[in-house]
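Residue-level listing of the chains:
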Amino acid sequence: MLLSDTGRRPARLIRRVCFVGSGQCNICGSRVRFRSISRMLGGTLARHGCPYSLDDFETLNHRRYLCPVCGSADRDRFYKLYVDRFLQPAGVRRVLEFAPSAPLSASLRSRADLQYRTADLMMAGADDVVDITDMPIYADGSFDFFICSHVLEHVSDDGRALNELYRILAPGGRGIIMTPVAPEGSFDEDPAVTNESERWRRFAQGDHVRLYDRSTLCSRIRKSGFEISALDWRTFGQQTFTRHAIALTSVLYIAHKPETDAA
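To start, this report covers the structure provided alongside it. Every chain's residues receive numbers from 1 upward, in the order its sequence appears when written. Confidence filtering applies because this is a predicted model: local features only for residues at pLDDT of at least 70, side-chain atom pairs given and counted only at 80 or more, and all residues used for totals across whole chains, interfaces and linings. Only hydrogens and water are set aside; all other atoms, that is, all heavy atoms of the structure, feed into the side-chain values.

**So, helix α6 (residues 196-203)**
Note on exposure labels: buried denotes an accessible area under 20% of the residue type's maximum, exposed denotes more than 50%, and partly exposed covers the range between, all computed with a 1.4 Å probe on protein chains only. Only DSSP runs of H or I with at least four residues qualify as helices, and only runs of E with at least two residues qualify as strands; both kinds are numbered from the N terminus onward. Every buried residue of α6 is accounted for by R199, W200, R202 and F203. Every residue pair with non-hydrogen atoms within 4.5 Å of one another is taken to be in contact. Where the residues of α6 are buried, they touch α2 (38-47), β9 (188-189) and β10 (210-213). Each polar contact in these results corresponds to two N or O atoms within 3.5 Å; when the atoms are within protein, one needs to be able to donate a hydrogen and the other to accept it, and residues that are neighboring in sequence are counted only if both atoms are side-chain atoms. The N-capping residue of α6, defined by a side-chain oxygen 3.1 Å from the backbone nitrogen of S197, is N195. Downstream of α6 by a residue or two, A204 has a phi angle that is positive, lying close to 70 degrees.

This is the structure in structure tokens:
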């Protein structure tokens, strides 16, 4: 049974006291010691023979990953930095988040200037049940902004998914597109692989069908028609990254649909 907001508040207060620290979660506002997933996730990769360590991945602060109060991951806090700076109120904007993160979703849904929806094929509680590779439920240009985080590595045809993202975005619209990104030259994909252990070894998770490197991810995003920007600590400030427990190796990929849609 899900706890009501009233039931959650005492638990959050207790966690704020127990995990008080020098870091700050920009989603729930707590001053906390962020929690590590190094032993758990690193051990799993090693057990399955993955050739990459956690430090090899581009946007993953595994040592200070999780907010113990609201449960936000480092990438959630990174997206919040972007939204707060670049999605300032300017009329109501239509926003769609795929495979929504609960802490970030709650923050976005609370903004009166956003018409915010969530979408997923399998996740309970999403507003729309959607296959990202085929979304007839949405008309062309239905949204001004989207968040597609850690979805493309799961789908059999990422090209179809990217084409659909381009189609449903209004001209001039933007979107966050993120996946795990391993060192250059590491790209590997095979949707035919179904063995979970082999997926862990090759793609760094048991339900992934590919592992991207930066050049492949960016080239596939551009192939669908998007322009792309890569933002890092230079955009937001080194102290901001450190305060919110975002690794300095983190990169945020922003897809932009041109005002004049050539297609």
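Text resumes after the structure shown.
**Overview of the nonpolar core**
Only buried residues count toward a nonpolar core, which is a set of Ala, Val, Leu, Ile, Met, Phe, Trp, Tyr and Cys residues joined through side-chain atoms within 4.5 Å. With 60 residues, the main nonpolar core has F98, I132, L165, I176, I177, F226 and L252 as its most contacted residues. Among all residues touching I132, those that are not within four sequence positions of it are F98, C148, V151, V155, R160, A161, E164 and L165.

**Considering the pattern of salt bridges**
What makes a salt bridge here is a side-chain nitrogen of Lys or Arg within 4 Å of a carboxyl oxygen of Asp or Glu, nothing more. Here the structure, examined in full by the defined rule, presents 17 salt bridges. The partner of R117 in a salt bridge is D128, with the nearest N and O atoms 2.7 Å apart. You can see R117 sitting in strand β4 (residues 114-120) and its partner D128 sitting in strand β5 (residues 128-129), a full 11 residues away along the chain. In this structure, E198 engages R201 in a salt bridge whose closest nitrogen and oxygen atoms are separated by 2.7 Å. Of the two residues, E198 and R201 are both situated in helix α6; the distance of 3 residues between them amounts to about one turn of the helix.

**So, the sheet that holds β9**
Strand pairing in a sheet relies on backbone hydrogen bonds. The paired strands run either parallel or antiparallel. Note: two strands are recorded as paired if DSSP finds a minimum of 2 bridges between them. The strand order across the open sheet formed by 3 strands is β8-β10-β9, and the pairing between neighbours is mixed. Both outer strands of the open sheet, β8 (181-182) and β9, are each paired with one neighbouring strand and no more. Bridging between β8 and β10 involves 2 bridges; their strand directions are parallel. For V181, the partnering residue across the bridge sits in β10 and is Y212. Against the sheet, helix α7 (residues 214-223) touches β8, β9 and β10, its axis set at about 95 degrees to β10. Every angle, taken between N-to-C directions, lies between 0 and 180 degrees, and every axis is a line fitted to C-alpha atoms, over only the stretch in contact when it is a helix.

**A look at the pairing of strand β3 (residues 93-98)**
Among the 6 residues in β3, 5 count as buried, and that is most of the element. In this sheet, β4 lies alongside β3 in parallel orientation, the contact comprising 6 bridges. Bridge pairing links F98 to A119 in β4. For the crossover from β3 across helix α4 (residues 102-109) to β4, the handedness is right-handed. Alignment of β3 against strand β6 (residues 143-149), held across 4 bridges, turns out to be parallel. Each bridged residue has a counterpart across the sheet, and for L96 the counterpart in β6 is F146. If the strands point away from the viewer and the path from the first strand over the helix to the second runs clockwise, then the crossover is right-handed.

**Regarding the sheet that holds β5**
Sheet architecture is open: 7 strands sit in the order β5-β4-β3-β6-β7-β12-β11, paired in mixed fashion. The outermost strands of the open sheet, each flanked by one partner alone, are β5 and β11 (227-231). Sheet contacts for helix α5 (residues 158-168): β3, β6 and β7 (169-178); angle to β7, the most-contacted strand, approximately 140 degrees. Contacting β7, β11 and β12 (252-256), α7 crosses the sheet at an angle of about 15 degrees to β12.

**Here we look at the environment of T179**
For T179, the position within the fold is in the loop between β7 and β8. Sequence separation between T179 and A90 is 89 residues, and the spatial gap between their C-alpha atoms is 29 Å. With near-sequence residues (within four places) excluded, T179 lies in contact with H150, L152, E153, Y212 and L217.

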